Number of protein chains: 2
Amino acid sequence: MKPEYELRLVTKAAHLYWVEQVRQVDIAARLNLSQAGVSRLLRRAQKEGIVSISIKPPEGTYHLLEEELASKLGLDEVVVTSCPDNSDNAIVSSIGEAAAQYLASALRESDRVGISSWSSALVALSEYLPAKGQIKAERVVQLMGGMSHDRAEHLAENLTLQLANRLAARPAFMHVAGIASTPDARKVFCEEPYVRETMALFDDLTLALVGIGTLAPSRFLARSGNAFSDEELAELASCGAVGDVCLRFFDANGQAVSHALDERVVAISAPSLKKVPRVVGVAGGRQKVASIRAAALGGWIQVLITDCFTAEALAEKAS
Amino acid sequence: MKPEYELRLVTKAAHLYWVEQVRQVDIAARLNLSQAGVSRLLRRAQKEGIVSISIKPPEGTYHLLEEELASKLGLDEVVVTSCPDNSDNAIVSSIGEAAAQYLASALRESDRVGISSWSSALVALSEYLPAKGQIKAERVVQLMGGMSHDRAEHLAENLTLQLANRLAARPAFMHVAGIASTPDARKVFCEEPYVRETMALFDDLTLALVGIGTLAPSRFLARSGNAFSDEELAELASCGAVGDVCLRFFDANGQAVSHALDERVVAISAPSLKKVPRVVGVAGGRQKVASIRAAALGGWIQVLITDCFTAEALAEKAS
DNA sequence: CCTCGCTATGAATATTTATTCATTTTTTGA
DNA sequence: TCAAAAAATGAATAAATATTCATAGCGAGG
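Residues numbered from 1 in each chain as written. Chains lettered and ligands numbered in written order. Predicted model: local features only at pLDDT ≥ 70, side-chain atom pairs only at ≥ 80, totals over all residues.

**Digging into the overall build of chain A**
Going by this rule: Secondary structure elements are defined from DSSP: runs of H or I of at least 4 residues count as helices, runs of E of at least 2 residues count as strands, and each element is numbered from the N terminus. Restricting the calculation to C-alpha atoms gives the radius of gyration, and the globule rule supplies 2.2 Å times the number of residues raised to the power 0.38. Around each residue's C-beta, the other C-beta atoms within 10 Å are counted; 20 or more make the residue buried, 12 or fewer make it exposed, and counts in between make it partly exposed. All C-beta atoms are placed from the backbone.
The helix and strand tally for chain A stands at 14 helices and 11 strands. For 319 residues, the compact-globule formula gives about 20 Å, and the C-alpha radius of gyration of chain A, at 25 Å, lies well above that figure. Along the three orthogonal principal directions, the C-alpha set of chain A runs to about 80 × 40 × 35 Å. Counting every position in chain A, which comprises 319 residues, the buried fraction comes to 51%.

**Thoughts on the protein's contact with DNA strand D**
In plain terms, the rule: Defining nearness, a residue is near a molecule or strand when the C-beta atom obtained from its backbone falls within 6 Å of it. In this classification, the charged set is Asp, Glu, Lys and Arg, the nonpolar set is Ala, Val, Leu, Ile, Met, Phe, Trp, Tyr, Cys and Pro, and all remaining amino acids, among them Gly, are polar.
Around DNA strand D, the neighbouring residues are Leu 33, Ser 34, Ala 36, Gly 37 and Gln 134 of chain A together with Arg 23, Gln 24, Val 25, Gln 35, Ala 36, Ser 39 and Leu 42 of chain B. Counting only elements with at least two residues in the surface near DNA strand D, the list comes to helix H3 (35-47) of chain A together with helix H2 (24-31) and helix H3 (35-47) of chain B. Taken together, the residues of the surface near DNA strand D sort by class into five nonpolar, six polar and one charged.

**A short note on the domain arrangement of chain A**
Here is the rule: Domains are outlined according to an automatic or database domain assignment.
Per the domain assignment, the segments making up chain A are domain 1 (3-47) and domain 2 (63-318). Summarising the inter-unit geometry, the C-alpha centres of domain 1 of chain A and domain 2 of chain A are found 51 Å apart.

**Description of the packing of H2 of chain B against H3 of chain B**
All names here are of chain B. The condition is simple: Fitted lines through C-alpha atoms give the axes, limited to the stretch in contact for helices. The angle between two N-to-C directions lies from 0 to 180 degrees. Convention used here: angles under 35 degrees read as roughly parallel, angles over 145 as roughly antiparallel, angles from 65 to 115 as roughly perpendicular, and any remaining angle as oblique. Each residue is represented by a C-beta atom placed from its backbone, and any two residues with such atoms within 7 Å are regarded as in contact.
The N-to-C vectors of H2 and H3 enclose an angle of 100 degrees; their axes lie 8 Å apart at closest approach. As summarised for this structure, H2 and H3 are arranged roughly perpendicular, according to the angle between their axes. On H3, the residues that touch Gln 24, Val 25, Ile 27 and Ala 28 of H2 are Gln 35, Gly 37, Val 38 and Ser 39.

**Observations regarding the sheet that holds strand E11 (residues 303-307) of chain B**
Two orientations exist for strands paired in a sheet by backbone hydrogen bonds: parallel and antiparallel. Residues and elements named next belong to chain B. Note the cut-off: Only strands joined by at least two bridges in the DSSP assignment are considered to pair.
Taken in spatial order, the seven strands make up an open sheet running E2-E11-E10-E6-E3-E4-E5, and their pairing is parallel. The open sheet terminates on both sides in strands that have one partner only, identified here as strand E2 (77-81) and strand E5 (170-172). Averaged over all pairs of adjacent strands, the angle between their axes in this sheet comes to 15 degrees, without regard to strand direction. As judged from the three bridges shared by strand E6 (residues 207-210) and strand E10 (residues 279-282), these two strands associate in the parallel manner. By the bridge assignment for E10, Val 210 is matched with Gly 281. Each of strand E3 (112-115), E6 and E10 touches helix H6 (residues 120-128); the most contacted strand, E10, lies at about 105 degrees to it.

**A word on the interface of chain B and chain A**
Contacts between chain B and chain A engage 38 residues on the former and 37 residues on the latter. Mapped by element, the contributors of at least two residues to the side of chain B that touches chain A are helix H1 (3-19), H2, strand E1 (51-55), helix H4 (63-73) and helix H5 (88-106) of chain B. Looking at the side of chain B that touches chain A residue by residue, the classes come out as 17 nonpolar, 10 polar and 11 charged. As judged from the five bridges shared by strand E1 (residues 51-55) of chain A and E1 of chain B, these two strands associate in the antiparallel manner. In the strand pairing of E1 of chain B, Ile 53 of chain A is matched with Ile 53 of chain B.

**Overview of the packing of helix H5 (residues 88-106) of chain A against helix H6 (residues 120-128) of chain A**
Residue and element names in this part refer to chain A. Our working rule: Crossing handedness follows the turn of the near helix against the far one: under a right angle anticlockwise gives a left-handed crossing, and clockwise gives a right-handed one.
The interhelical angle for the contact between H5 and H6, taken along N-to-C directions, is 55 degrees, at an axis separation of 7 Å. Relative to H6, the element H5 lies oblique. The handedness of the crossing between H5 and H6 comes out as right-handed. When H5 is examined against H6, the residues Val 92, Ser 93, Ile 95, Gly 96, Glu 97, Ala 99 and Ala 100 are found in contact with a partner set consisting of Ser 120, Ala 121, Ala 124, Leu 125, Glu 127 and Tyr 128. Each residue belonging to the contact of H5 with H6 can be placed in one class, and the counts come to eight nonpolar, three polar and two charged.

**Observations concerning the sheet that holds strand E6 (residues 207-210) of chain A**
Residue and element names in this part refer to chain A. The strand order across the open sheet built from seven strands is E2-E11-E10-E6-E3-E4-E5, with neighbouring strands paired in parallel fashion. The outermost strands of the open sheet, each flanked by one partner alone, are strand E2 (77-81) and strand E5 (170-172). Ignoring which end each strand starts from, the neighbouring axes of this sheet average 15 degrees apart. In the sheet, E2 pairs with strand E11 (residues 303-307) via five bridges, with the strands oriented parallel. Each bridged residue has a counterpart across the sheet, and for Glu 77 the counterpart in E11 is Val 303.

**What about the protein's contact with DNA strand C?**
The full set of residues close to DNA strand C is Arg 23, Gln 24, Val 25, Gln 35, Ala 36, Ser 39 and Leu 42 of chain A together with Leu 33, Ser 34, Ala 36, Gly 37 and Gln 134 of chain B. Mapped onto the surface near DNA strand C, the elements with two or more residues apiece are helix H2 (24-31) and H3 of chain A together with H3 of chain B. When residues in the surface near DNA strand C are grouped by element, the largest group, four residues, is from H3 of chain A.

**Quick word on the nonpolar core**
All names here are of chain A. Counted only if it meets this: Nonpolar cores are built from buried Ala, Val, Leu, Ile, Met, Phe, Trp, Tyr and Cys residues. These are joined into a set through C-beta atoms within 7 Å.
Val 113 and Val 280 are the most contacted members of the largest nonpolar core, which has 86 residues in total. For this core, the element with the most residues is H5, which contributes eight residues. Once residues within four sequence positions are removed from consideration, Val 113 is found in contact with Ala 137, Arg 139, Val 140, Val 141, Leu 167, Ala 169, Leu 205, Leu 207, Ala 208 and Leu 209.

**Observations regarding unusual backbone geometry**
Residue and element names in this part refer to chain A. Despite not being glycine, Ala 168 has its phi angle at roughly 50 degrees, a positive value. Within the element layout of this structure, Ala 168 appears in the loop between helix H7 (155-166) and E5. Exposure remark for Ala 168: the 15 C-beta atoms within 10 Å place this residue in the partly exposed category.

**Observations concerning helix H13 (residues 289-297) of chain B**
Residues spaced three or four apart along an α-helix face the same direction, because each turn holds 3.6 residues. Of all nine residues in H13 of chain B, seven are buried, a share of seventy percent or more. With its phi angle positive at about 75 degrees, Gly 299 of chain B sits one or two positions after the end of H13 of chain B.

**A closer look at the relation of the copies chain B and chain A**
Applicable threshold: The superposition of copies rests on a least-squares fit of C-alpha positions from residues with pLDDT of 70 or more in both.
The transform that puts chain B on chain A rotates by 180 degrees and translates by 0.0 Å along the axis, for an RMSD of 0.1 Å. Both copies are brought into coincidence by an operation consistent with a two-fold rotation axis. Identified as the residue of chain B closest to the rotation axis by C-alpha distance is Ile 53 of chain B, at 2.2 Å. A share of 97% of interface residues in chain B that are also interface residues in chain A marks the association as one of identical surfaces.

**Remarks on the environment of Gly 284 of chain A**
Residues and elements named next belong to chain A. Of note, Gly 284 is situated in the loop between strand E10 (279-282) and helix H13 (289-297). With 32 C-beta atoms counted inside 10 Å, the residue Gly 284 sits in the buried group. Sequence spacing of Gly 284 and Phe 309 is 25 residues, and the spatial spacing of their C-alpha atoms is 8.2 Å. Once residues lying within four places of it in the same chain are set aside, the contact partners of Gly 284 are Ile 91, Ile 95, Ala 121, Thr 306, Asp 307 and Thr 310.

**A few points about the pairing of E11 of chain B**
Regular strands have side chains that alternate between both faces of the sheet. All names here are of chain B. For clarity, the cut-off: Every crossover in which the path from the first strand over the helix to the second runs clockwise, viewed with the strands pointing away from the viewer, is termed right-handed.
For E11, a buried count of five out of five residues is recorded, marking the element as mostly surrounded by other parts of the structure. With burial as the criterion, each face of E11 is covered, one bearing Val 303, Ile 305 and Asp 307 and the other bearing Leu 304 and Thr 306. Inspection of the sheet shows E10 paired to E11 by three bridges, in the parallel sense. Residue pairing for E11: Val 282 is matched across the bridge by Ile 305. Chirality of the crossover, the property in question, places the unit of E10, H13 and E11 among those that are right-handed.

**Let's talk about the environment of Arg 166 of chain B**
Residue and element names in this part refer to chain B. Here Arg 166 shows up in helix H7 (residues 155-166). Along the sequence, Arg 166 and Leu 31 sit 135 residues apart, while their C-alpha atoms lie 58 Å from each other. When near neighbours in sequence (up to four residues on either side) are disregarded, Arg 166 contacts Ser 126, Leu 129 and Ala 131.

Structural data, given as structure tokens:
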């Protein structure tokens, strides 16, 4: 058959299907072809570029950037928020809200949610969650211990509690420090009934909300008397560590950095964390670019919620 | 949920589905939604115009015009050919070729094809059909008698024969004149075994190829001694007739014009013609616009094959 | 504070579309 | 000119998508 007429047929089928919304069987009837034939004409129309499908994103959305990052970093989903400026305050607030919205759409009542702490973005998240229980979960489980001194001590518990309240979920607390002074102390902590009970839930989580740490101690971490010392951090850095999730450290490619300090951390273990089906990293800011990238590449997170400035930086770095 | 985030979700789903070609279940898995939910997001994306699908027709095709005519004239399919100029020669040749291509795509080996005659476009059609039998039909049935004098006498038979040959189909001829001198003569013609046999096939056709006539006698018709006289034509015109298919006349809206002359025509009857599932009208030219329009509106044809000039004129007239 | 009607949701199901498979047709290479 | 490989086709079937249905949450009005 003359190719010109063939093309005419392809075009007509494409028009009827995509513009006029006619079913393939009806197109087949009108053009006296089989439905299979119409399906093949339509495939050709796509391949030859006779149809073009374009998405026009609403203002303030970044779906191309999101997709680029998702594929380059191997993530299931990336949420990039529009952010007024790249100050830490703006970023934390913006990604906290986005994370809340992510939960609104992605959370089921049957979900068992783990939450790390020491992350200002997660605090913002819990504040943006609607207080009325439209969004629900079954459990909210604290993934790492709190801190032993100061007001910050209770932050982890508070965060867990607030999240549990807003999600109408039963909370599970650690009630111990996140960093023990010695490996033996850690063992003692882990024997505590509370802790054991909570840790028993780790392998049964359906989702985890985590911050992503850098080696430079975050504001919250620094305030605590129990954070690692400068020397310890320097040692971690010399082992190649660039960041952490729940105090489990990894290098620039996301490979776990094993280190004696691991033995003092009271938190979900790296293997357990990686078994959680959906770990949502909520983080942004210039200083976190390298650790976010590493967390993604290492498979520590499946979902990333970040701001447009950090996202741009990640995209540049990745290409 | 914040509508802005909702839109972001819609956009992302649309992007994944239409740009990245991800299945709805996989999108659902990635965004933690149900497949039904994704389907609904996608519907919204279409409704809100976030996706736009456009067809860019290859050069020399007229799918918009075709669709416009199909819907305005109530036809299943319209083929508009690109035509170098609007001379009768160019038009006849162009639509003949297009008709041949239409048959190539639309004809099944099981089809029983009726063919009218006295149409230069149908002659062109049969000439454009490939002689090798790639395109096949079961039968080719002459729908109206030939003419009694001159070379033109055999045209109808020749056309039927040639078409049958090219389609590797068994022909059925009339072997009598298309217009009898009196109603009684017509009866006698119709009693002829050949004629009866052929006419018995009329109700079993799956497709018919017809020209569309105007009251002004066509070149072929005029040459014949047996065409209607000027007076008879004038009388038909005064009854409102504007054109015919197989010498069955109709007015500007396609309503059959019954008239004494009907009784002298040896051809498929109007009811039988209307019972054919797919009547393909092949016609073009400035003088035929009104009769083509009428044939379509009256349901005499389901498929129209014409040239771009005639198509434009039809579209203007119809709006 | 409760009830009705509205909307939204996910599981189940119906519909629609893509693919497979068995043939037939066409082309290519000897 | 023929045979073999490649391509095209349509019926059957598998896969994917849309819709239905039953249920649950939310707001308006009693």
